[in-house]
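Descriptive analysis of the structure
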Amino acid sequence: MCGIVGYVGNERDAKKVIIEGLRRLEYRGYDSAGVAVAQQSAIEYRKKAGKVADLEAAIEAAPLDKSALGIGHTRWATHGGPSDVNAHPHVVGDDKLAVVHNGIIENFSTLRAELEAKGYNFVSETDTEVAGTLLLEVYNTEAEGDLTRAMQLTAQRLEGAFTLLAIHADHPDRIVAARWNSPLVIGAGEGENFLSSDVSGFIEFTRDAVELDNGQIVTLTADGYEVTTFDGEAAEGKPFRVEWDVTAAEKGGFNSFMEKEIFDQPAAVRDTLYGRFNEEGALTLDELRIDEALLRSVNKIIIVACGTAAYAGQVARYAIEHWCRIPTEVELAHEFRYRDPIVDQQTLVVAVSQSGETMDTLMAVRHAREQGAKVIAICNTVGASIPREADAVLYTYAGPEIAVASTKAFISQIVAAYLLALYLAQVRGNKFADEIRGIIAELQEMPDKLQTLLDNADEIKQLGQDLANSKSVLFLGRHVGFPVALEGALKLKEVAYLHSEGFAAGELKHGPIALVEEGQPVFVIVPSKGSRHNLHAKVFSNIQEVRARGAVTIVIAEEGDEDVVEFANHVIRIPESAGLMQPILSTVPLQLFACSVAEARGLNVDQPRNLAKSVTVE
Ligand code: M6R
């Protein structure tokens, strides 16, 4: 939930590299920030409640000397509220040892009591200060001044989730870090090396990265790094090359990352489709590494995910059941394992996650595998914990998603899940090759259709400004339009702090219609006229029902659908598409609307209050 950066090198000034990294990681948490640098005989540090910009101001007011090594942190508070004193780094032992931490140390109160009994005092309410103090105690006793050994022994005693980075004034050439259930990657440079929660923390300086595994310790110097297990056995990280460059993690002229990422969607879909089928239109998901016989034996699919990723899963369910005829459930990951789900070797669990670090989803993956199920991850972050622990992974290639509100990840999760569904249909013989080719052709049309929609974004942005002072907004959808309605409502809550609810349009008359009064804005996602079961006509009736009760109806309908015009206060046009493709398009106006309302309300679109991009605590 927090962002961590470490730097050691011969040329640059550590604090500048760290601040730059923290700025890129700020999406992970932004209620306080801090940096510690090592000088010859002491640690110097600054930390501040607020954003990285507040930390920079603090450093400007009280400058830090140039240094070759340092660690930094941007926080999403768990233990102890956001304050200067609870901000990281926590510096202990007469300013000799500094630590930063991401995660939650579950046994921190026992450890704290133990350390207090030994005479240590604590100034903050954090679990991190406890971890730092334990490290200090171990360093001074059992480890006899060996920082790596001290970290190994300390890590063995910590329970919960932690990425812990430490520097010590007596070793101004090294950073030692431990990883357990929380992310950490090395950035490998020339005469300099980096540590970060994800590659965006050092992407400006190197694209050569090394994944660390759970239970590993790394000792990083300017010239290299050594990896061990918590037991001190030699170990190795897994090197990889980052496929995107620093420009992908910049706003590129847009007002916000959210807006930029909405406009990235044609490319995100194109990249997610790229190389996933051959010239004959047969799916070639080589990375899936799961025996086809096993896929043929699957009799149930459970999709586990949280938030927006769960809504992508809900969309995917319609396609999987329709194309593959496999019963499919979608479950919020944090509810999954607590209801004792029926999972066995014939169950395929699909874990959907942009970050690949969402703790709830990771725990669901572990539970599913313990029960004997195979797990396929759909993930956007290469080498993250969820794909690492799954049996196979289908990456979305949406590029880095920086805004807390998920946009391009959602669309590419749907596309990836559709590819998986088609692959299952191919392997199991549910669909003929020409049928699969036809659906792939529809998917291939999506980037251009998305671009057409985005070329008309101004109209929706204007609507956002006009409705920015609404008290609440309702979203209605049916079939695949239902999860789209839920996603539209989530986006608006999340970035505009505006009360909003998504409903299945058919549910309206079972209660929610009581909310509709004069002037109530209601978005309605209209299925294509050719959709099965005459869904179009049914949603058309729903529009009339709310309009008759005074609602301001904002109707998202396909080009050429003239029926809706009479009952719509506003019509937002989307290109025509096959029913199951529609969510890829109909979500976009809702994303643009939320972004525009948030801007009109003067809010920080990319960093909404109380949230963080990746929720790495349960
Ligand atoms: O990284 P993940 O996809 O696992 O994250 C899941 C949710 O936390 C995430 O989708 C969240 O709901 C977004 N902020 C929504 O915009």
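Remember, it's a predicted structure, so these values are computed and weren't measured experimentally.

What counts and what doesn't
Residues numbered from 1 in each chain as written. Predicted model: local features only at pLDDT ≥ 70, side-chain atom pairs only at ≥ 80, totals over all residues. Heavy atoms only, no water. Helix = DSSP H or I, 4+ residues; strand = E, 2+ residues; numbered from the N terminus. Expected span 1.5 Å × (residues − 1). Buried < 20%, exposed > 50% of the residue type's maximum accessible area, 1.4 Å probe, protein only. Pairing = 2+ DSSP bridges. Right-handed = clockwise from strand over helix to strand, strands pointing away. Axes fitted to C-alpha atoms, helices over the stretch in contact; angles between N-to-C directions. Near = heavy atom within 4 Å. Polar contact = N/O pair within 3.5 Å; in protein donor to acceptor, adjacent residues only side chain to side chain. Nonpolar A, V, L, I, M, F, W, Y, C, P; charged D, E, K, R; others polar. Domains from an automatic or database assignment. Contact = heavy atoms within 4.5 Å. Buried area = accessible area lost by both parts, 1.4 Å probe. Salt bridge = Lys/Arg side-chain N within 4 Å of Asp/Glu carboxyl O. Core = buried A, V, L, I, M, F, W, Y, C linked by side-chain atoms within 4.5 Å.

For the rest of this paragraph, the subject is helix H13 (residues 408-428). Here H13 spans 30 Å end to end across 21 residues, near enough to the 30 Å set by a 1.5 Å rise per residue. Within H13, 19 of the 21 residues are buried, which leaves it mostly tucked inside the rest of the structure.

Let us now look at the pairing of strand S22 (residues 499-504). Relative to S22, strand S21 (residues 472-477) is paired through six bridges, and the arrangement is parallel. The partner of leucine 474 across the bridge, within S22, is glutamate 501. Note on the crossover from S21 through helix H16 (residues 481-496) to S22: the handedness is right-handed.

Moving on, we come to the sheet that holds strand S18 (residues 347-353). Taken in spatial order, the five strands line up as S17-S16-S18-S19-S20 in an open sheet, and their pairing is parallel. Because the sheet does not close on itself, it has two edges, and the strands there are strand S17 (328-332) and strand S20 (392-395). Neighbour-to-neighbour, the strand axes of the sheet open up by a mean angle of 20°, direction not taken into account. Where S18 and strand S19 (residues 374-379) come together, six bridges link them in parallel fashion.

Bringing the site of the ligand into the picture now. Around the ligand sit 14 residues, and of these Ser353, Gln354, Ser355, Thr358 and Glu494 come closest. Take serine 353: an N or O atom from its side chain is 2.6 Å from an oxygen atom of the ligand. If you list the elements that add at least two residues to the shell around the ligand, you get helix H9 (307-324) and H16. The residue makeup of the shell around the ligand, split by class, is five nonpolar, seven polar and two charged. Counting contributing residues, the shell around the ligand receives three or more from each of domain 2 (251-444) and domain 3 (455-618).

Turning our attention to the domain arrangement of the chain. Taken domain by domain, the chain holds domain 1 (3-200 + 210-220 + 230-242), domain 2 (251-444) and domain 3 (455-618). Taking the mean C-alpha position of each, domain 1 and domain 2 sit 34 Å from one another. Each side of the interface is counted separately: domain 1 has eleven residues, and domain 2 has eleven residues. Taken as a group, Tyr27, Asn181 and Glu211 account for 47% of the area that domain 1 buries against domain 2, more than any other trio of residues on that side.

Now for the pattern of salt bridges. Scanning the entire structure with this criterion turns up 36 salt bridges. The partner of glutamate 114 in a salt bridge is arginine 157, with the nearest N and O atoms 3.1 Å apart. A residue pair is termed long-range when its members are at least 10 positions apart, and glutamate 114 in helix H3 (residues 108-117) and arginine 157 in helix H5 (residues 147-157) qualify at 43 residues. Exposure remark for glutamate 114: the relative accessible area of 30% places this residue in the partly exposed category. Arginine 157 sits in the partly exposed class, given a relative accessible area of 36%. A salt bridge links glutamate 292 to arginine 296; its shortest N-O distance comes to 3.9 Å.

What follows covers the side chain of serine 596. When you line up the elements, serine 596 lands in helix H18 (residues 582-600). Taking the relative accessible area as the measure of exposure, serine 596 reaches 5% and is therefore buried. Side-chain polar atoms of serine 596 contact the backbone nitrogen of glutamine 465, separated by 3.5 Å. Leave out the neighbours within four places in its chain, and serine 596 touches Ile460, Lys461, Gly464 and Gln465.

The nonpolar side chains of a soluble globular protein tend to be buried, and buried together. Core analysis: the biggest nonpolar cluster contains 119 residues, and Met258, Ile301, Trp323, Tyr418, Leu492, Phe523 and Ile584 have the highest contact counts within it. Per-element accounting of this core gives the leading share, 15 residues, to H13. Setting aside residues no more than four positions away along its own chain, isoleucine 584 makes contact with Ile411, Ile414, Val415, Leu443, Met446 and Leu450. Residues Leu115, Val130, Met151 and Leu158 belong to the second largest nonpolar core, which totals 29 residues.

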